[in-house]
Amino acid sequence: MSDQATALLRVESLQVHYGAVQALKGVSLHVNAGEVVTIIGGNGAGKSTLMKAISGLEPAAGGSIAFLGQDITRMPGHLRVPLGIAQSPEGRQVFADQTVHDNLLLGAYHRKDGAAAIAADIERQFATFPRLSERRGQMAGTMSGGEQQMLAIARALMARPQLLLLDEPSLGLAPLIVKEIFAIVRQLKQQGVTILLVEQMANQALVVADRAYVLETGRFTLEGSAADLRRDPKVRAAYLGAHA
Ligand code: ATP
């Protein structure tokens, strides 16, 4: 209970519809400050829809979303960024014809704390993501998929979010790059960044996360500590490629 009272993000009975398609049928979750929480689920389960509803890209048809105790259910997405919610979207979506440096600068568009603080934060991203540092003057569209994924995460971090939404950071990437991305997620966790991570790579996600929810066709079917879910026979059979 106290757990829920102090939640950074609290989603209650959230519903999202696309016309007649009910993508989310009433999901409830919370994320506490400093936690890494993961949503695992197969194709079409509603994972991206949940992320978009939290960042304000898809409207809620029912239920509520609260951030830091404030009801943001009907708040437009661009107002949620300054409040502290930043999303690294599925499919990366970097500004292809802008340099790495300028993409990072755009991530800080709403900040009012001055050019020096923003420049210092860009250097901080380059320290976390050395591959980006080597390519700071390169057009983002010419980078590899893995590098663009790192840029999308770094750009979201430039907003100085209190909650980082990571939508399938491993999507379409080679195993070695996936390992690198998850090492960065672990590093961010150690720095105290609160993360909601959506993943099909359930094994990696459950290793890095504190807690997890399993989403199936618009509903949560299981939730618990990531360690418990990794041992759960149903999760092992359906998402970890193991025979229970
Ligand atoms: P994946 O891992 O394949 O990306 P997902 O879990 O992220 O899947 P969503 O993209 O959230 O799933 O989709 C949930 C459901 O909503 C699916 O049935 C999908 O076809 C449908 N859907 C998603 N976006 C739209 C849209 N813009 N218009 C109509 N239906 C949509």
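The rules behind the values
- Residues numbered from 1 in each chain as written.
- Predicted model: local features only at pLDDT ≥ 70, side-chain atom pairs only at ≥ 80, totals over all residues.
- Heavy atoms only, no water.
- Salt bridge = Lys/Arg side-chain N within 4 Å of Asp/Glu carboxyl O.
- Helix = DSSP H or I, 4+ residues; strand = E, 2+ residues; numbered from the N terminus.
- Buried < 20%, exposed > 50% of the residue type's maximum accessible area, 1.4 Å probe, protein only.
- Pairing = 2+ DSSP bridges.
- Near = heavy atom within 4 Å.
- Polar contact = N/O pair within 3.5 Å; in protein donor to acceptor, adjacent residues only side chain to side chain.
- Areas by Shrake-Rupley, 256 points an atom, 1.4 Å probe, with all protein chains shown as cover.
- Axes fitted to C-alpha atoms, helices over the stretch in contact; angles between N-to-C directions.
- Contact = heavy atoms within 4.5 Å.

## Description of the pattern of salt bridges
When charged atoms on two side chains of opposite charge get close, those side chains can pair.
And step 1. All chains considered together, the criterion is met by 13 salt bridges.
And step 2. Residue D121 is joined to R124 by a salt bridge in which the shortest nitrogen-to-oxygen separation is 2.3 Å. Note that D121 and R124 are positioned in helix α5 (residues 115–128) at a spacing of three residues, about one turn of the helix.
And step 3. We classify R124 as partly exposed; its relative accessible area is 45%.
And step 4. As a salt-bridge pair, R160 and D121 come within 2.9 Å of each other at their nearest N and O atoms. Of this pair, R160 sits in the loop between α7 (145–157) and β7 (163–167) while D121 sits in helix α5; the two residues are 39 residues apart in sequence, bridging distant segments of the chain.

## Description of the pairing of strand β1 (residues 9–18)
And step 1. In this structure, β1 lies alongside strand β2 (residues 21–31), joined through eight bridges in antiparallel fashion. From the neighbouring strand, Y18 faces β2, where its bridge partner is V21.
And step 2. The hairpin turn running from β1 into β2, its antiparallel successor, is two residues long, and G19 in that turn takes a positive phi close to 60°.
And step 3. Sheet topology places β1 next to strand β4 (residues 62–67); five bridges connect them, and they run antiparallel. Residue pairing across strands places R10 opposite A66, the latter belonging to β4.

## Describing the site of the ligand
And step 1. Residues in close proximity to the ligand total 13 residues, the closest being N43, G44, K47, S48 and T49.
And step 2. One of the backbone N or O atoms of S48 is found 2.8 Å from an oxygen atom in the ligand.
And step 3. Between the ligand and E168 there is a distance of 3.0 Å, counted from an oxygen atom to a side-chain nitrogen or oxygen.
And step 4. Starting from 630 Å² of accessible surface for the ligand in isolation, the protein chains cover 62%.

## Focus: the sheet that holds strand β6 (residues 85–88)
Adjacent strands of a sheet pair through backbone hydrogen bonds, lying either parallel or antiparallel.
And step 1. With mixed pairing, six strands are arranged side by side in an open sheet as β6-β7-β8-β3-β9-β10. Edge positions in the open sheet fall to β6 and β10 (219–225), since each of these has one partner strand only. For this sheet the average axis-to-axis angle between neighbouring strands, irrespective of direction, equals 15°.
And step 2. Inspection of the sheet shows strand β3 (residues 36–40) paired to strand β8 (residues 194–199) by five bridges, in the parallel sense. The residue bridging V37 from the neighbouring strand is L196, located in β8.
And step 3. Packed onto the sheet, α7 meets β6 and β7 and runs at close to 175° relative to β6.
And step 4. Taken strand by strand, helix α8 (residues 175–190) contacts β3, β7 and β8, and its axis lies near 155° from that of β8.

## A few points about the pairing of β4
And step 1. With two bridges connecting them, β4 and strand β5 (residues 70–71) associate as antiparallel partners. From the neighbouring strand, F67 faces β5, where its bridge partner is Q70.
And step 2. Here β4 hands over to β5 after two residues, with L68 in that stretch at a positive phi of 50°.

## With respect to helix α2 (residues 47–55)
And step 1. Taken across its nine residues, α2 has eight buried, putting it largely inside the fold.
And step 2. Looking at α2, one finds that the buried residues are K47, S48, T49, L50, M51, A53, I54 and S55.
And step 3. At the exit of α2 stands G56, carrying a positive phi of roughly 95°.

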